[in-house]
Amino acid sequence: MGEPHILSSSATLPAYYVDQETLLGAFREQWAEKHFNVERLEQLHRAVRVGGRHLALPLERYGELDSFAKRNDAWIAAAVDLGETALKEALLRAELRPEDVDHLYFVTVTGLATPSIDARLVNRMHLRTDLKRSPLFGLGCVAGAAGLARAADAVRAGRNEIAALLAVELCSLTLQRDDLSVANLIASGLFGDGAAAVLVGGGDRPGRGPRVVATRSVFYPDTERVMGWDIVDSGFKVVLSAQVPQLVRERVRSDVDAFLAANGFTRRDVRHWICHSGGPRVLEAFEQALELPRTALQRTWDSLEQVGNLSSASVLFVLDDLLGSREARPGDLGLLIAMGPGFCSELVLLRW
């Protein structure tokens, strides 16, 4: 039986793009009224090296969203629209129909919906009524890699099935306007909105993209406060510790080396590094820990600058960019890495 392999991917952005200077001006106006040190705000925004971001709504609409309920309603409407676009594009690229999908993994950390977004897409896209749905909430930035691993698990038994992964993150709809913590100020400059989809085929289907050779999950005990949300009356309040780069430096090299060794490889065998765009300090920590030149993570740096950190969708944007470039050659190895709340890592080994 063959290994699961990627049939197609897509990366979708909302229509409303705003450059970082314009966003900074809006935040400056908002927070200057609270006698906040706006110079500190500008310093933090420029440090994340993001040039601009796509937003779920026009910038002027955000002032209307003065409650968690209003923001979440806007999230549901935008998530269904953007999710449909991403999944349709992935199906089109794979020359497949909605009724061909057997499993759908939906990941997000930026909004709540019951019925979940995947259920709403069954109705919207006429997906099969016997579709196996798995909505996953709370994995945050790691969910793109984790969802890809779970999708591969679903078809690994060799059945001629297709699993779809859909990640939709609308970070702009989580912003806490009254939170002047450093974590929220960084988040206001770093995170953007977007959606990505990946289709994974079972062993009997002809290969189009890389095979998913192996996956590994690594959980770091007693690190709950490193990253996540505090759920407060006004919605999602970001938890973002300065420990993240240090955890990367301390753990990633040994985790990656052990994972590769278990599959008969070393870091020297990996040609393509597909990393989540967690922010400049995180990417620098990855480069240091894995002894990589800047060029090895150039796609991730470019994604960070162009669209910001898209949480779970970020690593899938980098993957989509690599697949679209056709740079990978038969026999090449790729390693997809993301980290997120838990705190934890997900590793996915790909072979073209």
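Residues numbered from 1 in each chain as written. Predicted model: local features only at pLDDT ≥ 70, side-chain atom pairs only at ≥ 80, totals over all residues. Heavy atoms only, no water.

1. What to know about the overall build of the protein
When helices and strands are tallied, the protein shows 10 helices and 13 strands. Against the globule reference of 20 Å for 352 residues, the protein gives a C-alpha radius of gyration of 19 Å, in line with a compact fold. Taken over the C-alpha atoms alone, the protein extends approximately 65 × 45 × 35 Å along its principal axes. Taken over 352 residues, the protein has a buried fraction of 59%. Considering only intrachain contacts with a sequence separation of at least 6, the fraction spanning at least 24 residues in the protein is 80%. Accessible area for the protein stands at about 14,500 Å²; split by element, carbon and sulfur atoms hold 49% of it. Averaging the positions of the 39 positive and the 45 negative side-chain charges in the protein gives two centres separated by 4 Å. (Helix = DSSP H or I, 4+ residues; strand = E, 2+ residues; numbered from the N terminus. Rg over C-alpha atoms; globule rule 2.2 N^0.38 Å. Buried < 20%, exposed > 50% of the residue type's maximum accessible area, 1.4 Å probe, protein only. Contact = heavy atoms within 4.5 Å. Areas by Shrake-Rupley, 256 points an atom, 1.4 Å probe, with all protein chains shown as cover. Lys, Arg positive; Asp, Glu negative; His and termini not counted. Charge placed at Lys NZ, Arg CZ, Asp CG, Glu CD.)

2. What to know about the packing of aromatic side chains
Aromatic rings considered in pairs are described by the distance between their centres and by the relative angle of their planes. Going through the model one piece at a time under the given rule, you end up with 4 aromatic pairs. Judged by centre distance (5.1 Å) and plane angle (25 degrees), the rings of Trp-229 and Phe-236 are stacked. On the basis of relative accessible area, Trp-229 is assigned to the partly exposed category, the value being 24%. Aromatic ring contacts, followed pair by pair, group Phe-68, Phe-137, Trp-229 and Phe-236 into a single cluster. Arg-294 extends its terminal NZ or CZ atom over the ring of Trp-301, reaching a point 4.0 Å from the ring centre. (Phe/Tyr/Trp six-rings, centres within 6.5 Å; stacked < 30°, edge-to-face > 60°. Lys NZ or Arg CZ within 6 Å of the ring centre and 35° of its normal.)

3. Regarding helix H10 (residues 314–325)
Counted at 1.5 Å a residue, the expected span for H10 with its 12 residues is 16 Å, and the 17 Å between its end C-alpha atoms agrees. For H10, the complete set of buried residues consists of Ser-314, Val-315, Leu-316, Phe-317, Val-318, Leu-319, Asp-320 and Leu-322. Positive phi appears at Arg-326, one or two residues downstream of H10, with a value of about 55 degrees. (Expected span 1.5 Å × (residues − 1).)

4. Here's the deal with unusual backbone geometry
Between Thr-114 and the following residue, Pro-115, the backbone shows a cis peptide bond with an omega angle of 5 degrees. Structurally, Pro-115 is set in the loop between strand E4 (103–108) and helix H4 (117–125). In this structure, Phe-343 follows Gly-342 across a cis peptide bond, with omega equal to -10 degrees. Along the chain, the position of Phe-343 falls in the loop between strand E12 (333–340) and strand E13 (344–351). Here the phi dihedral of Ser-311 falls at roughly 50 degrees; this positive angle occurs in a residue that is not glycine. As for its placement among the helices and strands, Ser-311 is situated in the loop between helix H9 (298–307) and H10. On the basis of relative accessibility, which here comes to 4%, the residue Ser-311 falls in the buried class. The residue Arg-326 is not glycine, and still its phi comes out positive at about 55 degrees. Counting through the fold element by element, Arg-326 comes out in the loop between H10 and E12. Under the relative-accessibility criterion, Arg-326 is labelled exposed at 68%.

5. Here's the deal with the packing of helix H3 (residues 68–93) against H4
Contact pair H3 / H4: the axes reach a minimum separation of 10 Å and the direction vectors enclose 60 degrees. It follows from the interaxial angle that H3 and H4 lie oblique. Regarding H3 and H4, the two cross each other, and that crossing is right-handed. Residues Trp-75, Ile-76, Ala-79, Val-80, Asp-81, Gly-83, Glu-84, Leu-87, Lys-88 and Leu-91 of H3 pack against Ile-117, Arg-120, Leu-121, Arg-124 and Met-125 of H4. (Axes fitted to C-alpha atoms, helices over the stretch in contact; angles between N-to-C directions. Parallel < 35°, antiparallel > 145°, perpendicular 65-115°, else oblique. Left-handed = near helix turned anticlockwise from the far one by under 90°.)

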